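Each chain is listed here by its residues.
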Amino acid sequence: MRGLQISKWAVVVLNLNLNGSSPVHPALAGITGILMSAAALPVCLTRPPKLVLHPPPVSKSDIKPVPGFGHCCRKTTKKQARKGKTPEEVVKKYLQKVKSPPEEDCTICMEPLGGPSGYKGPGVGPVSRAESVGRLAQCGHQYHFQCLVAMYNNGNKDGSLQCPTCKTIYGVKTGNQPAGKMEYHVIPHSLPGHPDCKTIRIIYNIPPGIQGPEHPNPGKPFTARGFPRHCYLPDSEKGRKVLRLLLVAWDRRLIFSVGTSSTTGESDTVIWNEVHHKTEFGSNLTGHGFPDPGHLDNVLEELRAQGITEDDALMEK
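Attention in this report is confined to the structure presented alongside it. These numbers come from a predicted model, not from an experiment.

Some remarks on the sheet that holds strand 11 (residues 229–234)
The strand order across the open sheet formed by four strands is 1-7-8-11, and the pairing between neighbours is antiparallel. Edge positions in the sheet fall to strand 1 (73–76) and strand 11, since each has one partner strand and no second. On average, each strand axis in the sheet is inclined to that of its neighbour by 20 degrees, with strand direction left out of account. Strands in contact with helix 5 (residues 237–251) are strand 1, strand 7 (180–187), strand 8 (199–205) and strand 11; relative to strand 7, the strand with the most contacts, it is inclined by about 170 degrees.

What follows is the structure, encoded as structure tokens:
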């Protein structure tokens with residue numbers, strides 16, 4: 001009976017220590033093991049899981065193209081200047097006129113829609129009363145015309161507009177990702193949770209450089225930490241669909257941005273831009289690995305929020 005009591009107490013102590021749910025001193029776990037041995041009870045100690053960032057070594061002959069893709073590399077260059085339409089012309093393209101503004105506030109300047117815009121900064125000219133308020137054609141949200149022009153001027157000025165209320169995108173959204181290279185191929189290893197298929201490996205490489213006019217601090221250097229960055233997808237039908245959409249996002253300069261790192265606090269550096277990638281190959285200790293059953297669907301949703309849909313995947317083929 002006494003041995004049974006010891007065993008129950010010992011198992012609790014060992015489980016607390018091994019699972020990391022209580023700060024039990026290692027010496028106490030050792031004493032517990034001795035007691036269990038003295039009571040002729042089996043002692044089984046397990047090691048904590050190991051971080052596995054990269055797959056086993058792969059020879060060049062084992063690296064294959066992704067099925068259905070006639071290429072294995074994509075480069076981006078510096079942003080090309082867009083000529084022609086003024087900010088006012090871009091905004092008007094997506095608006096419908098509002099004769100009688102509702103009795104509510106503009107959610108950009110927080111002033112009544114029936115009165116003048118609260119924006120007083122540069123870059124926005126006067127407008128007639130008939131054009132002072134507009135309704136976005138697709139989602140129906142209403143704003144001061146001058147507020148929308150100011151918002152456009154403070155953005156990427158790429159010919160697209162995003163509703164600040166519901167995030168509906170008008171036009172083709174692009175980002176400020178610096179110039180770089182994206183490679184992708186299949187390696188003969190399986191990811192945890194995907195035993196029936198091989199793995200797509202994506203390698204992003206962006207060098208440090210000088211910020212352009214679309215970046216937070218034009219003319220100032222930016223750093224590029226941790227490159228090349230290796231990311232992984234299952235080589236399944238859905239995994240290849242995600243890859244096609246990631247290629248569209250890469251071409252639109254939406255995978256990375258220049259800003260402040262949420263991890264290190266460093267400013268003026270290359271950061272991820274709201275599209276999550278898996279950077280752990282054989283574990284999931286940081287939350288950036290596998291298995292993760294919802295990962296592919298989550299990425300498709302994040303890409304959709306950037307204005308990239310399955311229709312774009314069809315165009316990419």
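So, helix 4 (residues 145–153)
The buried fraction of helix 4 is high, at seven of nine residues. Among the residues of helix 4, those classed as buried are Phe-145, Gln-146, Cys-147, Leu-148, Val-149, Ala-150 and Tyr-152.

As for a nonpolar patch on the surface
Residues Leu-51, Leu-53 and Leu-285 make up a contiguous nonpolar surface patch of about 250 Å² in total accessible area. Residue position: Leu-51 is located in the loop between helix 2 (26–38) and strand 1.

Some details on the nonpolar core
With 33 residues, the main nonpolar core has Met-182, Ile-202, Tyr-204, Leu-243 and Leu-246 as its most contacted residues. Mapped by element, the contributors of at least two residues to this core are strand 7, strand 8, strand 11, helix 5, strand 12 (256–259) and helix 6 (295–305). Tallying contributions element by element places helix 5 first for this core, with eight residues. When neighbours within four sequence positions are excluded, Met-182 is seen to be in contact with Cys-72, Cys-73, Arg-74, Ile-202, Ile-203, Tyr-204, Leu-243, Leu-246, Leu-247 and Trp-250. If you look at the next biggest cluster of nonpolar residues, it comprises 21 residues, including Tyr-143, Phe-145, Tyr-152 and Cys-163.

Analysis parameters
Residues numbered from 1 in each chain as written. Predicted model: local features only at pLDDT ≥ 70, side-chain atom pairs only at ≥ 80, totals over all residues. Heavy atoms only, no water. Pairing = 2+ DSSP bridges. Helix = DSSP H or I, 4+ residues; strand = E, 2+ residues; numbered from the N terminus. Axes fitted to C-alpha atoms, helices over the stretch in contact; angles between N-to-C directions. Contact = heavy atoms within 4.5 Å. Buried < 20%, exposed > 50% of the residue type's maximum accessible area, 1.4 Å probe, protein only. Patch = residues over 30% accessible without salt bridge, like charges linked within 9 Å, V, L, I, M, F, W, Y side chains within 5 Å. Areas by Shrake-Rupley, 256 points an atom, 1.4 Å probe, with all protein chains shown as cover. Salt bridge = Lys/Arg side-chain N within 4 Å of Asp/Glu carboxyl O. Core = buried A, V, L, I, M, F, W, Y, C linked by side-chain atoms within 4.5 Å.

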